[in-house]
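Okay, here's what each chain looks like letter by letter:
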Amino acid sequence: MKALDRKLLRDLRLMWSQALTIALVVASGIGGFITSLSAVDSLAQARDDFYAQGRFADVFASLKRAPNALVAQLRELPGVADVQPSTEFGVRVDLPGLSDPIVGQLIGIDPLNGMRMNRVSVRLGGGLPRDAASDGSIPALVSEAFATAHGLRPGARIGALINGRRRTLVMVGTALSPEYIFAGLWGMPDQRSFGVFWVDRRVLDAAYDMEGAFNHVAIKLAPQAEERAVIDAVTERLTRYGAQQAIGREHQSSHLMLDNEIKEQRVLGTVLPTIFLGVAAFLLNVVVSRLVATQREQIAAMKALGYANRAMAAHYLKLVILIVGVGFLLGVGLGKVLGTLLTGLYADFFRFPRFEHHIAPELLAIGLSLTLGTAVLGTLNTIAATVRLAPAEAMRPPAPGRYRRTLLERLGVRGIAPALRMILRNIERQPWRTGLSIAGMAAAVAIVVLGNFFRDAIEVIVDRQFNLSLRSDVTVWAADPLTDSARLELARLPGVTAVESTRFVNVNLVNGPRRERTLIRGYPAAPQLYRIIDADARETRPDGVGLVLTDRLADKLALRPGDRVRVEVLEGRGRVFEAVVDKTVQEMMGLNAYMERRALNRALGEDDVSTGFVLGLERGSEARLLDATRGLPRVAGAFSKASMLRNMQELSARNIRIMSTIMTAFAAVIAVGVVYNNARIALAERSWELASLRVLGFTRAEVSGLLLGELGLAIAVAIPLGMVLGWTLVHGVAGLLASDQFFFPVLIRPRTYGWAALAVLAAAGASALVVRRRIDRLDMVSALKTRE
């Protein structure tokens, strides 16, 4: 072994605790990087594999009823490779002993020829369902998430209201489909209130009198086909059959949720590692600078003995690479563990036949490059200074520090205690080190704030959406518009205290070349049960004759209040009208448009009709009300706010708790790394001074106070600075995460700031205690031996 390598191992042995803390900071950064991006890669890989295996369609369209003969015409359209018609219907479902409302999606499949697109993958059971049984029950495959949530096994009997008749579905197995990787109501992760049921298409067609017809079509595009042209052509052909506008894959609800999740994790996998590796670069700079300063004589002697500058630079670079190399290996292990955990959490929301965590080799290569870049960036100046150091210069001790009156003293402040004066002078003598130490601890505070911000944001969203906006208890809707007199019928049901009517219409909003598909929600002029609430909890009322648009939708269409917009109705006769934009509102979910219900009906040329009703109930009457609505054939579905909120929080609360814990642990690593390394370096630099004070009669507590007081002042500055940095970081991340479907409100609760401060104080306090023990065991005789 070469002499320089033996020296390297000896240096590492002497500074093992400092090297370990730096390695842990590097491990946190690389671990966060690999966790987020490997989980995203695994999610994307599982999606792509399932799409290929299930031949996921490219274009989708729903309609009222069209003859099967139309399929041949659709196949002849330019750019179309294949067309698959089907019948699908939304139904009300009930399970024995469960009063919560459940919405089911019945999908007819051909048990003989199977499916060419959106193929069903049977997970449990014996294949595709066949004809109805002799007792009239209908065999069905059940979506895996729904069956798991309710503990259903093959043979389970499920009630369903099919075309006004109560029928029984018999579960023959569970299944997955690329169309329903994410399944929930209105984008909510509610797997208990929504299920997909695949049945024999012949049985479904007979139940709805759809023999020889279809109401849903999936289309596969030919290579090099232009999607927009195909969508327009398909929409034109299907409009006379009551079709809404066809949509591409990017607007399909399940695919849209997957894409949003992948985008969010890529943002987090980029932002957090940048902070950790920046702190690691600072710590490496401080530690290696101190090591070089204490080894000036050794450097001079080795250069005098003939060691070249290149050998000396390589020696210290090798030291740094070993430290960050350990951090990289720990980070890879941490990334594997946390990535597997994150993949498991994804599996609760996104269902695939095969979903395993893997780390791509190129991700490891990028992580290694980042690690080496951190090492070089953090120590380049120090290593360059070592190379430039002449042997004769290195033999002389470094010039003593230049002390002067502190800034407070120069400003005329009197009465500063001697101990505090010494602390302030030492801080001012090393402004860069102090500033970077404060920045490192502030970054730790900011990371805790970011990690717990998501809990605050979810609470705000739930409060705005479920308490301030949706103040009703139950929502019911019809498959087709009903005269508003149905509201009076609902008002007579048991426990109902208030009813409001709504009218929802699918439309395209067009402004010049800009076009956006959305839903116009028709509300009363002064709604009480379903209100428009913005991100600041202010109510906006649709009390004019025009539209109220969310600000993101208005921006995409380049519209402002007072502008006119073309409205293309995607239902029924395909009417077109113009409307004025009355107001804009900043909402958190979706690209929404609102209009006063009666004004909307007039614009559509319709009578006083509604498609949905929101109900306020007496306490404890929800079960009776839901049971009563099952006897109303025109009610297509019902939704309970309480059950959806309960089901959603069951999943989200656990995930947020896990994320908060991981972020807090990462922040503690940063705090320990910064505080411990600075304290150890300060102790090494000032051991002679501290020993002298002990000889002069200072107690251990007083001596410790001089050293740890600097850290205490740095932490006192870092905590409020970190809160500001956290607020800025949250705003930046929220902006990067914003999408058409979701906008995180930036509201950080006081408890989040308090928890961030406590977490960093605890980590810093633990580090300070370790250093305090070293101060107490300071060997004064050795410390007082100097060359001077």
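To be clear, the structure that these remarks concern was listed above.
Attention here is on the structure that accompanies the text. (Residues numbered from 1 in each chain as written. Predicted model: local features only at pLDDT ≥ 70, side-chain atom pairs only at ≥ 80, totals over all residues. Heavy atoms only, no water.)

### A closer look at the overall build of the protein
When you go through the protein residue by residue, the secondary structure sums to 23 helices and 22 strands. Considering only C-alpha atoms, the protein reaches an extent of 105 × 60 × 55 Å along its principal axes. Expressed as a percentage of its 788 residues, the buried residues of the protein come to 54%. Here the contacts in the protein between residues at least 6 apart in sequence split such that 81% fall between residues at least 24 apart. Element-wise, carbon and sulfur atoms account for 57% of the exposed surface of the protein, whose accessible area totals about 34,200 Å². In the protein, which carries 93 positive and 73 negative side-chain charges, the distance between the mean positions of the two groups comes to 9 Å. (Helix = DSSP H or I, 4+ residues; strand = E, 2+ residues; numbered from the N terminus. Buried < 20%, exposed > 50% of the residue type's maximum accessible area, 1.4 Å probe, protein only. Contact = heavy atoms within 4.5 Å. Areas by Shrake-Rupley, 256 points an atom, 1.4 Å probe, with all protein chains shown as cover. Lys, Arg positive; Asp, Glu negative; His and termini not counted. Charge placed at Lys NZ, Arg CZ, Asp CG, Glu CD.)

### Observations regarding the sheet that holds strand 2 (residues 80–86)
Pairing between the strands of a sheet is mediated by backbone hydrogen bonds and can be parallel or antiparallel. Pairing is antiparallel in the open sheet, where four strands are placed in the order 2-10-1-11. Looking at the sheet topology across the chains shown, the edges are occupied by strand 2 and strand 11 (247–248). With six bridges connecting them, strand 1 (residues 59–67) and strand 10 (residues 213–221) associate as antiparallel partners. Bridge assignment links Ala66 to a residue of strand 10, and that residue is Phe214. The sheet contacts of helix 6 (residues 227–238) involve strand 1, strand 2, strand 10 and strand 11, and relative to strand 1 the element is tilted by about 15°. (Pairing = 2+ DSSP bridges. Axes fitted to C-alpha atoms, helices over the stretch in contact; angles between N-to-C directions.)

### Focus on the pairing of strand 19 (residues 576–585)
Here four bridges tie strand 17 (residues 547–550) to strand 19, and the two strands are oriented parallel to one another. By the bridge assignment for strand 19, Thr550 is matched with Val585. Pairing of strand 18 (residues 564–569) with strand 19 involves five bridges; the strand directions are antiparallel. Directly across from Glu568, in strand 19, lies its bridge partner Val576.

### Here we look at the packing of aromatic side chains
With the rule as written, the count across this model stands at 12 aromatic pairs. On the numbers, 6.4 Å between centres and 40° between planes, the contact of Phe504 with Tyr523 is tilted. Of the two residues, Phe504 is situated in strand 13 (residues 496–511) and Tyr523 in strand 14 (residues 514–523); the sequence distance between them amounts to 19 residues. Looking at Phe504, the relative accessible area reads 24%, which means it is partly exposed. Every member of this aromatic cluster is reached through a ring pair, and the members are Phe504, Tyr523, Tyr530 and Tyr594. Lying over the aromatic face of Phe504, Arg521 brings its terminal NZ or CZ to 5.2 Å of the ring centre. (Phe/Tyr/Trp six-rings, centres within 6.5 Å; stacked < 30°, edge-to-face > 60°. Lys NZ or Arg CZ within 6 Å of the ring centre and 35° of its normal.)

### Quick word on the pairing of strand 12 (residues 474–483)
Pairing analysis gives six bridges linking strand 12 to strand 21 (residues 609–617), with the strands arranged antiparallel. Each residue of the ladder has a partner; that of Val476, found in strand 21, is Phe613.

### Considerations on unusual backbone geometry
Its identity is not glycine, yet Arg55 carries a phi of approximately 45°, on the positive side. Non-glycine residue Asp209 carries a positive phi angle of around 55°. By secondary structure assignment, the location of Asp209 is in the loop between helix 5 (201–207) and strand 10.

### Describing the nonpolar core
Grouped together as the largest cluster of nonpolar side chains are 104 residues, with contacts concentrated most on Leu450, Phe453, Phe454, Val733 and Phe744. In terms of residues, this core owes the most to one element, helix 7 (residues 253–294), which gives 16 residues. Not counting chain neighbours up to four residues away, the residues in contact with Leu450 comprise Leu272, Met663, Leu729, Val730 and Val733. Among the nonpolar cores identified, the runner-up in size contains 28 residues, and Ala175, Tyr180, Met644 and Met648 belong to it. (Core = buried A, V, L, I, M, F, W, Y, C linked by side-chain atoms within 4.5 Å.)

### Side note on helix 18 (residues 622–629)
Buried residues of helix 18: Leu625, Leu626 and Thr629, and no others. All buried residues of helix 18 lie within an arc of 95° about the axis, which places them on one face of the element. Looking at the buried side of helix 18, the elements it contacts are strand 3 (88–94), strand 12, strand 13, strand 21 and strand 22 (635–640). (Arc of directions from axis to C-beta.)

### Notes on the environment of Arg119
For Arg119, the position within the fold is in the loop between strand 4 (102–109) and strand 5 (121–125). Judged by its relative accessible area of 36%, Arg119 falls in the partly exposed class. Each C-alpha atom, one on Arg119 and one on Leu176, is 8.6 Å from the other, the two residues being 57 residues apart in sequence.

### Comments concerning the pattern of salt bridges
Taken as a whole and judged by the stated rule, the model has 35 salt bridges. For Asp48, the salt bridge goes to Arg47, with nearest N and O atoms at 3.1 Å. One salt-bridge network, held together by shared partners, links Arg455, Asp456, Glu459, Arg749 and Arg751. (Salt bridge = Lys/Arg side-chain N within 4 Å of Asp/Glu carboxyl O.)

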